[in-house]
Amino acid sequence: MSASPSSIFVSRIKGLPVLDASGDQVGKVRDVVVQSRTNARPPRVKGFVVELLRLRRVFLPMERVHSIDAQQVIISGVVNTVAFQRRETEALVFEDLFDKKVNRAGAPASTIFDVAIEQTRTRGSWEVGEVALREVTSRSPFSRGHVVVVDWDEVPDFFIDSGQGTDQVLAQLSEMKPADVARELHEMSPERRAEVVEALDDELLAEALEELPEAEQVRVIQALDTERAADILEEMDPDDAADLIAELAPELAETLLERMEPEEAEDVRLLLNYDAATAGGLMTPEPVVLGPDATVADCLALLRNEEVTPALAALAFLCRPPLDTPTGRYLGAVHIQRLLREPPSVLAAGLVDSTIAPLHPHHDVAQVSRYFATYDLVCAPVVNDAGLLVGAVTVDDVLDHILPADWRGIQLSQGVSDG
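Since we're looking at a predicted model, the values are computed, not measured. (Residues numbered from 1 in each chain as written. Predicted model: local features only at pLDDT ≥ 70, side-chain atom pairs only at ≥ 80, totals over all residues. Heavy atoms only, no water.)

Draft legend 1. Region of interest: the overall build of the protein chain. Check the secondary structure of the protein chain and you find 16 helices and 17 strands. Within the protein chain, buried positions represent 47% of all 419 residues. Pairs at least 24 apart in sequence give 57% of the contacts found in the protein chain among residues at least 6 apart. Only carbon and sulfur atoms are counted for the fraction: they give 49% of the accessible area of the protein chain, which is about 20,800 Å². (Helix = DSSP H or I, 4+ residues; strand = E, 2+ residues; numbered from the N terminus. Buried < 20%, exposed > 50% of the residue type's maximum accessible area, 1.4 Å probe, protein only. Contact = heavy atoms within 4.5 Å. Areas by Shrake-Rupley, 256 points an atom, 1.4 Å probe, with all protein chains shown as cover.)

Draft legend 2. Region of the structure containing the confidence of the model for the protein chain. Of all residues in the protein chain, 89% have pLDDT values of 70 or greater, and the mean over the chain is 87. Taken together, the stretch residues 415–419 has pLDDT below 50 and engages in 11 contacts with residues farther than four places along the chain or on a different chain. (pLDDT = per-residue confidence, 0-100.)

Draft legend 3. Just the side chain of serine 110, in detail. Here serine 110 is to be found in strand 10 (residues 110–119). If we ignore the near neighbours within four places in the chain, the residues touching serine 110 are Lys100, Lys101, Val102, Leu133, Arg134, Glu135 and Val136.

Draft legend 4. Seen up close, helix 14 (residues 365–375). All of the buried residues in helix 14 are Val365, Val368, Tyr371 and Phe372. All buried residues of helix 14 lie within an arc of 115 degrees about the axis, which places them on one face of the element. Every exposed residue of helix 14 that faces more than 90 degrees away from the buried side is listed here: Arg370, Ala373 and Thr374. Elements in contact with the buried residues of helix 14: helix 11 (279–282), strand 16 (379–383), strand 17 (389–394) and helix 15 (395–402). One side-chain oxygen at the N-terminal end of helix 14 lies 3.1 Å from the backbone nitrogen of alanine 366; it belongs to aspartate 364. Two residues or fewer past helix 14, aspartate 376 is found with a positive phi of approximately 55 degrees. (Arc of directions from axis to C-beta. Polar contact = N/O pair within 3.5 Å; in protein donor to acceptor, adjacent residues only side chain to side chain.)

Draft legend 5. Broad picture of the nonpolar core. Core analysis: the largest hydrophobic core is formed by 81 residues, its most contacted members being Leu185, Leu200, Ile221, Leu233, Leu339 and Val393. Excluding anything up to four places from it in sequence, isoleucine 221 contacts Leu209, Ala229, Ile232, Leu233, Leu244, Leu248 and Leu256. One finds Val32, Val131, Val155 and Phe158 within the second-largest nonpolar core, a separate group that totals 37 residues. (Core = buried A, V, L, I, M, F, W, Y, C linked by side-chain atoms within 4.5 Å.)

Draft legend 6. Region of the structure containing the packing of helix 7 (residues 226–235) against helix 9 (residues 250–259). With their axes 9 Å apart at the nearest point, helix 7 and helix 9 run at an angle of 75 degrees to one another. With respect to helix 9, the axis of helix 7 lies roughly perpendicular. Of the residues in helix 9, those in contact with Thr226, Glu227, Ala229, Ala230, Leu233 and Glu234 of helix 7 are Thr255, Leu256 and Arg259. When grouped by side-chain class, the residues that make up the contact of helix 7 with helix 9 number 4 nonpolar, 2 polar and 3 charged. (Axes fitted to C-alpha atoms, helices over the stretch in contact; angles between N-to-C directions. Parallel < 35°, antiparallel > 145°, perpendicular 65-115°, else oblique. Nonpolar A, V, L, I, M, F, W, Y, C, P; charged D, E, K, R; others polar.)

Draft legend 7. Representation of the pattern of salt bridges within the structure. Applying the stated criterion to the full structure yields 11 salt bridges. The residue glutamate 51 makes a salt bridge to arginine 57 at a minimum N-O spacing of 3.2 Å. Residue classification places arginine 57 among the partly exposed positions, given a relative accessible area of 42%. (Salt bridge = Lys/Arg side-chain N within 4 Å of Asp/Glu carboxyl O.)

Draft legend 8. Looking closely at the packing of aromatic side chains. Considering all chains together, one arrives at 5 aromatic pairs under this definition. With centroids separated by 5.9 Å and ring planes inclined at 75 degrees, the aromatic side chains of tyrosine 371 and phenylalanine 372 adopt a geometry described as edge-to-face. For tyrosine 371, a relative accessible area of 8% gives the class buried. These aromatic residues form a ring-pair network of at least three members: Tyr371, Phe372 and Tyr375. When the ring centre of phenylalanine 94 is taken as reference, the NZ or CZ atom of lysine 14 above it lies at 4.8 Å. (Phe/Tyr/Trp six-rings, centres within 6.5 Å; stacked < 30°, edge-to-face > 60°. Lys NZ or Arg CZ within 6 Å of the ring centre and 35° of its normal.)

Draft legend 9. A look at the sheet that holds strand 15 (residues 330–335). Pairing in this open sheet of 3 strands is mixed, and the strands run 13-14-15 from one edge to the other. A single partner strand is all that each edge strand has here, and the edge strands are strand 13 (289–290) and strand 15. One ladder, built from 5 bridges, connects strand 14 (residues 315–319) with strand 15; its direction is antiparallel. Residue alanine 316 lies in a different strand from strand 15, and its bridge partner there is valine 334. (Pairing = 2+ DSSP bridges.)

As structure tokens, then:
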């Protein structure tokens, strides 16, 4: 029995010591976590179950695995010591798959004897390649049978249902970051995803939607009833909601906008007036805005609001009333670093950075990209011809538009970790 040259049978991994970059042993491999995927793609190897030296079993993502050889597994980074818990669509190779009965059409009855995993061209990404089957060729209980190696997709019903109910899945998702929730939704079967989406909290679902490819966002929104879909769009950042609505059929888009709260819908309609690849289309209409008499303390109080993203919190914008966008006349921007160095009672207007030239709503994405590179900023004001602040562009919004169109789908499919 042999795998392809780039493959490793997992029976050879179990029990191997796991060493950190300095050569110290942190534990031993006890199992391999694999995850089913849609569109007939090979199951993804998510990581190892590692038993730490104090007998606690934890999850080690494959992105942390630097190398595997016959004697050891060497990792980079630190090991998360949270106890391992299996998630939806996951299986443990030793616990769930070894000795599982397999019935292939036209072939003898067999059981799974071993599973081979292989590294893809994407660094840190692994998937199941082949499966070793022990065919039952004799009724004798002492017969060892014949072992054959087949491609993973020749094994019907490769996975064992993990048996998790929707309530268990929801409990796990509630503890995850939005990007991880998006990855779980991406990997679920359509039926399970529909159940989970229906039961998910509106805010968490909205945040996870922002991390999914646009095509999947559209499918989720279209499957919801109109009221729920409008509620989800209200929870999304206005620029993300506008991008999603722009992908919907005009009739559905208008229906959803009419069902949204007028103030939320107005922000989205404003963004829809601009081409998606301009500063106006990229911006959020909800930056941190204060009046000309604001103090350092006033600015910091708004910037530390947990609902303000780190990029938006980099700058406070000073304007004449009204302070909702489009504001009164734009006066300038103040860096949070400068605010942190000044006494709370100092007027922020005296700390404005006069070198920050605002973007115009119709600047295209190439101009915006060069702007961020030139000024070394993560957030920038967008001011119209009348000198009014209409929003702010953040560097993450720029990256969304200069990366490949389906970069989110590629990232989710390859299991790239954010951690």
